[in-house]
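Here is what each chain is made of, one letter per residue.
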Amino acid sequence: MTDLELIQMAKNAAEYAYAPYSDFYVGAALLTEDGKVFTGCNVENASFGATNCAERTAIFKAVSEGYRSFTKIAIATRNGSVAYPCGVCLQVMQEFMPNGNVIVEKDDLIETYTVKELFPKGFVL
């Protein structure tokens, strides 16, 4: 699975986002170690604390199907703006893909970061 293919899957997932409050539609595509892809989108709520980001939606879907190790996650928006993961999502990535890569599209270019680059001091036991 190429990074560009994963970004396209994230863009497709963004089409399903529920974002009536922010109008910021985000999708994510998560790659497991064995090559399976799980997608997710952001789901907002009038009580903002009940909102779930696209990255966590994809990770939680995968975990609920029995997967625990992931190699990379792509994040894309419906309008083409860049979306970096929030701190909560990075903490979840720290749990399930501490050595994984985060792929975003910025100005039609693919950028790749490690989880550790984006979240160098994540909480671990």
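Please read these numbers as outputs of a predicted model, since none were measured by experiment. The numbering scheme is per chain: residues are counted from 1 as the chain's sequence reads. In view of the model being predicted, local features appear only for residues whose pLDDT reaches at least 70, and side-chain atom pairs are presented and counted only at 80 or more, with totals across whole chains, interfaces and linings using the full set of residues. Remark: hydrogens and water are excluded; side-chain values derive from all non-hydrogen atoms of the structure.

(A) Summary view of the overall build of the protein chain. Secondary structure elements follow DSSP: runs of H or I of four or more residues count as helices, runs of E of two or more count as strands, with numbering from the N terminus. Summing up its helical and strand segments, the protein chain has 4 helices and 5 strands in all. For the protein chain, the α and β elements follow one another from N to C terminus as α-β-β-α-β-α-β-β-α. Computed over its C-alpha atoms, the radius of gyration of the protein chain comes to 13 Å, within 12% of the 14 Å expected for a compact globule of 125 residues. If you line up the protein chain on its principal axes, its C-alpha atoms span 35 × 30 × 30 Å. With 125 residues in all, the protein chain has 43% of them scored as buried. Considering only intrachain contacts with a sequence separation of at least 6, the fraction spanning at least 24 residues in the protein chain is 60%. Note that the radius of gyration is over C-alpha atoms, with the globule rule given as 2.2 Å times the number of residues to the power 0.38. The rule is simple: take the accessible area with a 1.4 Å probe, protein chains only, and divide by the maximum for that residue type; under 20% is buried, over 50% is exposed, in between is partly exposed. Here, residues are in contact when the closest pair of their heavy atoms is within 4.5 Å.

(B) Fine view of unusual backbone geometry. The backbone phi angle of Asp23 is positive, close to 60°, even though this residue is not glycine. With phi around 65°, Asp108 is a residue other than glycine that occupies positive phi space. Within the secondary structure, Asp108 is located in the loop between strand S4 (101-106) and strand S5 (109-114).

(C) A look at the packing of helix H2 (residues 54-64) against helix H3 (residues 87-96). Note on geometry: axes are lines fitted to C-alpha atoms, helical ones only across the stretch in contact, with angles between N-to-C directions running from 0 to 180 degrees. Orientation of H2 relative to H3, taken along the N-to-C sense of each, is 30°, at an axis distance of 9 Å. Judged by the inter-axis angle, H2 sits roughly parallel to H3. Read as a crossing pair, H2 and H3 show a hand that is left-handed. From H2, Glu55, Arg56, Ile59, Phe60 and Val63 reach across to H3, where they touch Val88, Cys89, Val92, Met93 and Phe96. Within the contact of H2 with H3, the residues separate by chemical class into 8 nonpolar, no polar and 2 charged. Oblique is the label for every angle not falling under 35 degrees (roughly parallel), over 145 degrees (roughly antiparallel), or within 65 to 115 degrees (roughly perpendicular). Helix crossings fall into two classes, left-handed where the near helix is turned counterclockwise from the far one by less than a right angle and right-handed where it is turned clockwise. Note that Gly is not counted as nonpolar here; it falls among the polar residues with everything else outside the nonpolar set of Ala, Val, Leu, Ile, Met, Phe, Trp, Tyr, Cys and Pro and the charged set of Asp, Glu, Lys and Arg.

(D) Spotlight on the sheet that holds strand S1 (residues 26-32). Whether two strands pair depends on DSSP finding at least two bridges between them. On the basis of which strands lie adjacent, the open sheet formed by 5 strands has the order S2-S1-S3-S4-S5 and mixed pairing. Both edges of this open sheet fall to strand S2 (37-41) and S5, since each of them pairs with a single strand only. Sheet twist, expressed as the mean angle between neighbouring strand axes with direction ignored, is 20°. When S1 meets strand S3 (residues 70-77), the two strands line up antiparallel, connected through 7 bridges. Along S3, the bridge assignment pairs Leu31 with Lys72. Packed on one face of the sheet, helix H1 (residues 3-14) meets S1, S2, S3, S4 and S5 and runs near 50° to S3.

(E) Region of interest: the state of the cysteines. When the sulfur atoms of two cysteines come within 2.5 Å, that pair is taken as a disulfide. Counted by the stated rule, this structure contains 0 disulfides. With no disulfide of its own, Cys41 has Cys53 as its nearest cysteine by sulfur position, at a separation of 11 Å. Given a relative accessible area of 12%, Cys41 falls into the buried group. Unpaired in terms of disulfides, Cys53 finds its nearest cysteine sulfur in Cys89, a separation of 3.8 Å.

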